[in-house]
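Listed here are the chains, written in short residue letters.
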Amino acid sequence: MDKILVLDFGGQYNQLIARRVRSLSVYAEIVNYDKITPEEIKDRGYKGVIFTGGPNSVYDETSPHFSPDVLNIGVPVLGICYGHQLMAYMAGGKIESAKDQSEYGKTLLKVKKGTLFEGVPEESICWMSHTDYVSKIPEGFEITAVTDVCPCAGMQDDKKKLYSIQFHPEVTHTEYGMKMLSNFVFNVCKCEPNWKMDDFAKTSIEKYKKQLAGKRVLLALSGGLDSSVVALLLHKAIGKNLVCVFVDHGLLRKDEGDYVENLFRNKFDINLIRANAKDRFLEKLKGVTEPEQKRKIIGKEFIEVFRDEAKKLGSIDVLSQGTIYPDVIESGKGASAVIKSHHNVGGLPKDIGFKEIVEPLRELFKDEVRAIGLELGLPKELVYRQPFPGPGLAVRIIGEITEDKIRIAQDSDAILREEFIKHGLDKQANQYFTVVTNTHSVGVMGDARTYGYTLALRAVTTDDFMTATWTRVPFDVLEIISSRVTNEVKGVNRVVYDITSKPPATVEWE
Ligand code: XMP
């Protein structure tokens, strides 16, 4: 199988690069820049290397560097953003900071020539995000593209098969980004499109039938896509020897706990234990208002509850987790800035005390997991359901988490979802929910003064959740939701709609 190495320098879009390459049916894997050497790149048979972006400046002392030998091992390289500057720096070019003229967002790209740009028009839109720029290209290179402010938006040394671009081809805002990646992968690296998902489920079930024969396996099931797919996969392989523990932290959407329990226990006949732990979580969260602290408490308590349930079960040989490829990359990450500490049920600590850990989806991206979920018969509503964060409604309740605020979050979210589906907006928005802000304001109901919560509605349209735009919800629908919420959800007297994209905001409020 042909493979491309995505050499990670810590940018925010690095997983996207690998996903885009895989969507071309070519296997791509991400390795941190300090975990591999040029010799290993050659020995492991990568057909090409992509240097990712990164938050740094190449001249910073702490910025990630890599041995320039990589440019001379005969493996084609594509540098993106920071990777572009790094390639220029490694090959003897010069980088400067355009302090007053950062380029950020959609930008007009003017292509001069270049192997990466075959089939790309002379002018198109690309996505830029940089302050530093290549002010002098290295010997042997030629400039292949510019923008109005960037004198070197692309360069190449075609003889040595070295290419680099200042913008991000992996984000959808770059109109011809996929064409450029495909030019690199197929025309330059000569990869065969032979990464296929079709028989993954069949082969995995066969493999685990043998590997796990006679063993008891424990799985933390959240009802999200990843752990649900693992549950079905292993259930097909080992039947009742699989025990699923579903930790209900009380911060799920309205009626979700019952849905999960019913689906797995009754429809799929899977061994399921539901731990109703709302009180434990609320006790630990009492008085806590700081977002990161809330996330950490929930993550820790989740492990405690899971551990307690596991103890009750006696001897268990194997722990299984719904870890998927982005989780693997996330935890091995060195250089990238922590925006939020994500919590997933796939993230149980290694010292939880099992001899063997099985992670059937470890190499897969979300869209690949979806395909397998469908094949295994998971209901479409679960396979395509909008993402729901591990800490649940906690990241949508600002300030202290109380029973009353959970009720408001659950009831308002149920109304929002109902109206979105009714008006077909669930097709347009990729994620939509309500946020219980910590703000109170004065209102009037009947003849009386009220002093209630302000509720924010949030809906975003996005491909990848790395960037997102706010969804253009028709005013009429907003009006229906606002009126239903203020009438039906006690304690809310004002509703606002969040019209911020990501960046600069994030999708969730905490
Ligand atoms: P942000 O708020 O970072 O969210 O723009 C991007 C996507 O990630 C989801 N999210 C989480 N998912 N554990 C998860 O599994 C978490 O702790 C977590 N926090 C945010 C969020 O819902 C959105 O889809």
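Higher on the page you've got the structure.
Just so it is clear, the structure is predicted and the values come from calculations on it, not from any experiment. (Residues numbered from 1 in each chain as written. Predicted model: local features only at pLDDT ≥ 70, side-chain atom pairs only at ≥ 80, totals over all residues. Heavy atoms only, no water.)

### Observations regarding the overall build of the protein
If you tally the helices and strands in the protein, you get 14 helices and 20 strands. For the protein, whose C-alpha radius of gyration is 25 Å, the value lies close to the compact-globule estimate of 24 Å for 510 residues. Taken over the C-alpha atoms alone, the protein extends approximately 75 × 65 × 40 Å along its principal axes. With 510 residues in all, the protein has 56% of them scored as buried. Of all intrachain contacts in the protein linking residues separated by at least 6 positions in sequence, the fraction that spans at least 24 positions is 76%. Of the roughly 22,300 Å² of accessible surface on the protein, 49% is carried by carbon and sulfur atoms. (Helix = DSSP H or I, 4+ residues; strand = E, 2+ residues; numbered from the N terminus. Rg over C-alpha atoms; globule rule 2.2 N^0.38 Å. Buried < 20%, exposed > 50% of the residue type's maximum accessible area, 1.4 Å probe, protein only. Contact = heavy atoms within 4.5 Å. Areas by Shrake-Rupley, 256 points an atom, 1.4 Å probe, with all protein chains shown as cover.)

### Structural notes on the pairing of strand β14 (residues 271-276)
As paired elements, strand β13 (residues 242-248) and β14 share six bridges and run parallel to each other. In the sheet register, V243 faces β14, and the bridge partner there is N271. With helix α7 (residues 256-267) bridging β13 and its parallel neighbour β14, the resulting β-α-β unit is right-handed. (Pairing = 2+ DSSP bridges. Right-handed = clockwise from strand over helix to strand, strands pointing away.)

### Remarks on the nonpolar core
Counting 94 residues, the largest nonpolar core has L218, F264, F306, L361, L378 and F420 as its most contacted members. Per element, the largest residue contribution to this core is nine residues, and it comes from helix α6 (residues 225-238). Excluding residues within four positions of it along the chain, L218 makes contact with V243, V245, F306, A310, L313, I316, V318, L319, S320 and F354. Residues V6, A98, M180 and C191 belong to the second largest nonpolar core, which totals 38 residues. (Core = buried A, V, L, I, M, F, W, Y, C linked by side-chain atoms within 4.5 Å.)

### Here we look at the packing of aromatic side chains
If you walk through the whole model with that rule in mind, you get eleven aromatic pairs. Among the aromatic residues, those joined into a cluster by ring pairs are F9, Y33, F51 and Y82. A cation over a ring is seen here: K3 above Y46, with NZ or CZ 4.9 Å from the ring centre. Seen from the ring of Y325, R22 lies directly overhead, with NZ or CZ sitting 4.8 Å from the centre. (Phe/Tyr/Trp six-rings, centres within 6.5 Å; stacked < 30°, edge-to-face > 60°. Lys NZ or Arg CZ within 6 Å of the ring centre and 35° of its normal.)

### Some remarks on the packing of helix α5 (residues 200-211) against α6
In contact at an axis separation of 8 Å, α5 and α6 are set at 50 degrees when each is read in the N-to-C sense. Here α5 is positioned oblique relative to α6, judged by the angle of their axes. Judged by the twist between their axes, the crossing of α5 over α6 is right-handed. Contact residues: α5 offers A201, S204, I205, Y208 and K209, while α6 offers L233, L234, K236, A237 and I238. (Axes fitted to C-alpha atoms, helices over the stretch in contact; angles between N-to-C directions. Parallel < 35°, antiparallel > 145°, perpendicular 65-115°, else oblique. Left-handed = near helix turned anticlockwise from the far one by under 90°.)

### Some thoughts on helix α14 (residues 475-488)
What sets the pattern is the α-helix's 3.6 residues per turn: residues three or four places apart point alike. Between the first and last C-alpha of α14 there are 20 Å, a value that for 14 residues agrees with the 20 Å anticipated at 1.5 Å per step. For α14, the full list of buried residues reads V477, L478, I481, R484 and V485. Angular distribution of buried residues about the axis of α14 spans 135 degrees; they occupy a single face of the element. Exposed residues on α14 whose side chains face more than 90 degrees from its buried face are F475, D476, E479 and N487. Elements in contact with the buried residues of α14: α13 (403-422), β18 (448-461) and β20 (492-497). (Expected span 1.5 Å × (residues − 1). Arc of directions from axis to C-beta.)

### Some details on the sheet that holds strand β6 (residues 103-111)
Within the open sheet, the nine strands sit side by side as β2-β1-β3-β4-β11-β10-β9-β6-β7. Their pairing is mixed. A single partner strand is all that each edge strand has here, and the edge strands are β2 (27-32) and β7 (123-130). Neighbour-to-neighbour, the strand axes of this sheet turn through a mean angle of 25 degrees, independent of strand direction. Here strand β4 (residues 77-80) runs beside strand β11 (residues 162-165); their pairing, made up of four bridges, is parallel. Pairing of L78 across the sheet is with Y163, part of β11. Against the sheet, helix α1 (residues 14-22) engages β1 (3-8), β2, β3 (48-51) and β4, with an angle of about 160 degrees to β2.

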